[in-house]
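Descriptive structure summary
Spelled out, the chains give:
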Amino acid sequence: MSKFWSPFVKELVPYVPGEQPKLTKLVKLNTNENPYGPSPKALAAMQVELSDNLRLYPDPNSDLLKQAVARYYGIDAGKVFLGNGSDEVLAHIFHALFQHDSPLLFPDISYSFYPVYCGLYGIKFDAVPLDEQFQIRAADYARPNGGIIFPNPNAPTGCVLALDAVEQILKASPDSVVVVDEAYVDFGGETAISLVDRYPNLLVTQTLSKSRSLAGLRVGLAVGHPDLIEALERVKNSFNSYPLDRLAIVGAAAAFDDREYFEKTCRWVIDSRNKVVAQLEGKGFEVLPSAANFIFARHPRHDAAGLAAKLREQGVIVRHFKQARIDQFLRISIGTAEQNQALIDGLGEL
Ligand SMILES: *Cc1c(COP(=O)(O)O)cnc(C)c1O
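So, how was this worked out
Residues numbered from 1 in each chain as written. Predicted model: local features only at pLDDT ≥ 70, side-chain atom pairs only at ≥ 80, totals over all residues. Heavy atoms only, no water. UniProt positions renumbered as here; feature names shortened; annotations may be inferred. Helix = DSSP H or I, 4+ residues; strand = E, 2+ residues; numbered from the N terminus. Buried < 20%, exposed > 50% of the residue type's maximum accessible area, 1.4 Å probe, protein only. Salt bridge = Lys/Arg side-chain N within 4 Å of Asp/Glu carboxyl O. Axes fitted to C-alpha atoms, helices over the stretch in contact; angles between N-to-C directions. Parallel < 35°, antiparallel > 145°, perpendicular 65-115°, else oblique. Left-handed = near helix turned anticlockwise from the far one by under 90°. Contact = heavy atoms within 4.5 Å. Nonpolar A, V, L, I, M, F, W, Y, C, P; charged D, E, K, R; others polar. Near = heavy atom within 4 Å. Polar contact = N/O pair within 3.5 Å; in protein donor to acceptor, adjacent residues only side chain to side chain. Areas by Shrake-Rupley, 256 points an atom, 1.4 Å probe, with all protein chains shown as cover. Phe/Tyr/Trp six-rings, centres within 6.5 Å; stacked < 30°, edge-to-face > 60°. Domains from an automatic or database assignment. Buried area = accessible area lost by both parts, 1.4 Å probe.

As named in an unreviewed UniProt entry, the chain is Histidinol-phosphate aminotransferase, taken from Pseudomonas veronii. UniProt annotates the chain under Catalytic activity (unreviewed entry) with the comment "L-histidinol phosphate + 2-oxoglutarate = 3-(imidazol-4-yl)-2-oxopropyl phosphate + L-glutamate". Reading the Subunit (unreviewed entry) entry of the UniProt record for the chain gives the comment "Homodimer."

Following this line, the structure appears as structure tokens:
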């Protein structure tokens, strides 16, 4: 702490990202990265852009990418907002749309960045408990609120909420913004973007970090009514006019245009997930039903922190959260066939 700090900084509790180890030999199943690498077309587009052009500022509106997203979803580009990772998009959403008198609602077990943004922007919140099966119950959100946000599929559980339940939440709170954080939707969920035209209070966020394997490029997006998008653009243009650099704009646009590679690699991840689930269940794990590129599992007879430490000794890192209700679970990202085998081998006989 220092006398030079603005007062509010003393109270800030920052987000703690999953470890990015310097040791490259480790099998990294802790931050839900995609094991298959980005579209070769995205890499080629960035190679071309890697030129003398970098002396020029990028397009502040990233129109090329907005149009690629609009094309992909068959929507108007005026409904698309872009940011430096969906974490930045979420930050602008909390800032621009969630600062109200009533509390923001989100699940008690959810993306741990949400309470951090509440701290940063001084937003009151109520954590709504998941049910006994770790599912979101739509009816629990039908109460006064200053906004609602939840991941779908949820993180770190991987469980998906059906679109009619999402619609039930939207209908019950027509006067607040409902944000569906679809970071993992391409691995088994159904996007709520199809509801945007009917619900002016709906905002859907997505990222290129997971299903399009571009975590290192930092690109995220939101889709919603132009009035919501305008609020985000105002905050963005009061903060950083150029959140996406030239490489990110062309690389992300090419990734959206390359449907074939995207669909193929998502299929590979889903097939691997089904195999890993079966293997873990064979070892006695209870695995929550996952529609994501990770699974959330616990063993009735083995302590989760102990298992994580044991795996780490074998060179496999997974994520363990020291949080009430879920401290006996491990969150395990789906890797390549070899990485998944290292996980199974690392667990050994239980
Ligand atoms: C990974 C993740 C994000 C953030 O993704 P970035 O675009 O890499 O910032 C947002 N929400 C959830 C639930 C995530 O798991």
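Regarding the environment of D164
Of note, D164 is situated in helix α5 (residues 163–172). The class for D164 is exposed, based on a relative accessible area of 57%. Each C-alpha atom of the pair D164 and A192 lies 9.7 Å from the other, and the pair is 28 residues apart in sequence.

Re the pattern of salt bridges
Within the structure shown, the criterion is met by 14 salt bridges. E167 is the partner of R198 in a salt bridge, and the nearest nitrogen-oxygen pair spans 2.9 Å. Of this pair, R198 sits in the loop between β6 (178–181) and β7 (202–207) while E167 sits in helix α5, and the two are 31 residues apart along the sequence. In this structure E167 comes out as buried when scored by relative accessible area, which is 16%. The salt bridge partner of R298 is E286, with a shortest N-O separation of 2.7 Å. You can see R298 sitting in strand β10 (residues 294–298) and its partner E286 sitting in strand β9 (residues 286–287), a full 12 residues away along the chain. Accessibility expressed as a relative area gives 26% for R298, which makes it partly exposed.

Re the packing of helix α2 (residues 63–73) against helix α7 (residues 246–257)
Viewed as axis vectors pointing N to C, α2 and α7 meet at an angle of 15°, and their least axial separation amounts to 8 Å. Taken together, the axis directions place α2 and α7 in an arrangement best described as roughly parallel. At the point where α2 passes α7, the crossing takes the left-handed sense. Contact residues: L64, L65, A68, V69, R71, Y72 and Y73 in α2; I249, V250, A252, A253, F256 and D257 in α7. For the contact of α2 with α7, the residue count by class is 11 nonpolar, no polar and two charged.

With respect to the site of the ligand
The local shell around the ligand consists of G85, S86, D87, Y111, D181, A183, Y184, T207, S209, K210 and R218. Taking S86, its main chain carries an N or O atom lying 2.6 Å from an oxygen atom of the ligand. Surface burial for the ligand is 93%, taken as the share of its 390 Å² of free accessible area covered by protein chains. Looking at the shell around the ligand residue by residue, the class counts come to three nonpolar, four polar and four charged.

A closer look at the packing of aromatic side chains
Two aromatic rings are characterised by how far apart their centres lie and by the angle between their planes. Tallied over the entire structure, the rule returns 18 aromatic pairs. Ring geometry for Y184 against F294: centres 4.9 Å apart, planes inclined by 80°, an arrangement best described as edge-to-face. With Y184 in the loop between β6 and β7 and F294 in strand β10, this pair connects stretches of sequence that are 110 residues apart. We classify F294 as buried; its relative accessible area is 0%. Through successive ring pairs, a cluster of aromatic residues spans Y15, F94, F98, F106, Y111, F113, Y114, Y117 and F125.

Focus on the UniProt feature "domain: Aminotransferase class I/classII large" (unreviewed entry) in the chain
Those residues carrying the UniProt feature "domain: Aminotransferase class I/classII large" (unreviewed entry) are residues 25–346 in this numbering. Regarding residues 25–346, the helix share stands at 37% and the strand share at 15%, and the terminal C-alpha atoms are separated by 14 Å.

Concerning the domain arrangement of the chain
For the chain, the assigned domains are domain 1 (2–37 + 260–347) and domain 2 (40–258). A separation of 22 Å is found between the C-alpha centroids of domain 1 and domain 2. The interface of domain 1 with domain 2 comprises 33 residues on the first partner and 35 residues on the second. Where domain 1 abuts domain 2, roughly 2700 Å² becomes buried across the two surfaces, and 63% of that area is made up of carbon and sulfur atoms. Considering only the surface of domain 1 that becomes buried against domain 2, Y15, F262 and R325 emerge as the three largest contributors, covering 28% of it. Across the contact surface, domain 1 and domain 2 share one salt bridge. Taking the shortest distance from any N to any O, the salt bridge between D108 and R325 comes out at 2.8 Å.

Structural notes on unusual backbone geometry
In the segment running from N152 into P153, the intervening peptide bond is cis, with an omega of -5°. As for its placement among the helices and strands, P153 is situated in the loop between β5 (148–151) and α5. Each neighbour pair has its own omega, and for A155 with P156 the value is 5°, a cis peptide bond. In this fold, P156 is placed in the loop between β5 and α5. With a phi close to 60°, N32 is a non-glycine residue in the positive phi region. Tracing the backbone shows N32 in the loop between β1 (27–28) and α1 (40–49). Under the relative-accessibility criterion, N32 is labelled buried at 1%.

Examining the side chain of S333
Relative to the elements of secondary structure, S333 occurs in strand β12 (residues 329–333). In this structure the side chain of S333 is engaged in a polar contact, spanning 2.7 Å, whose partner is the side chain of N32. When sequence neighbours within four positions are dropped, the list of residues in contact with S333 reads L29, N30, T31, N32, N293 and F294.

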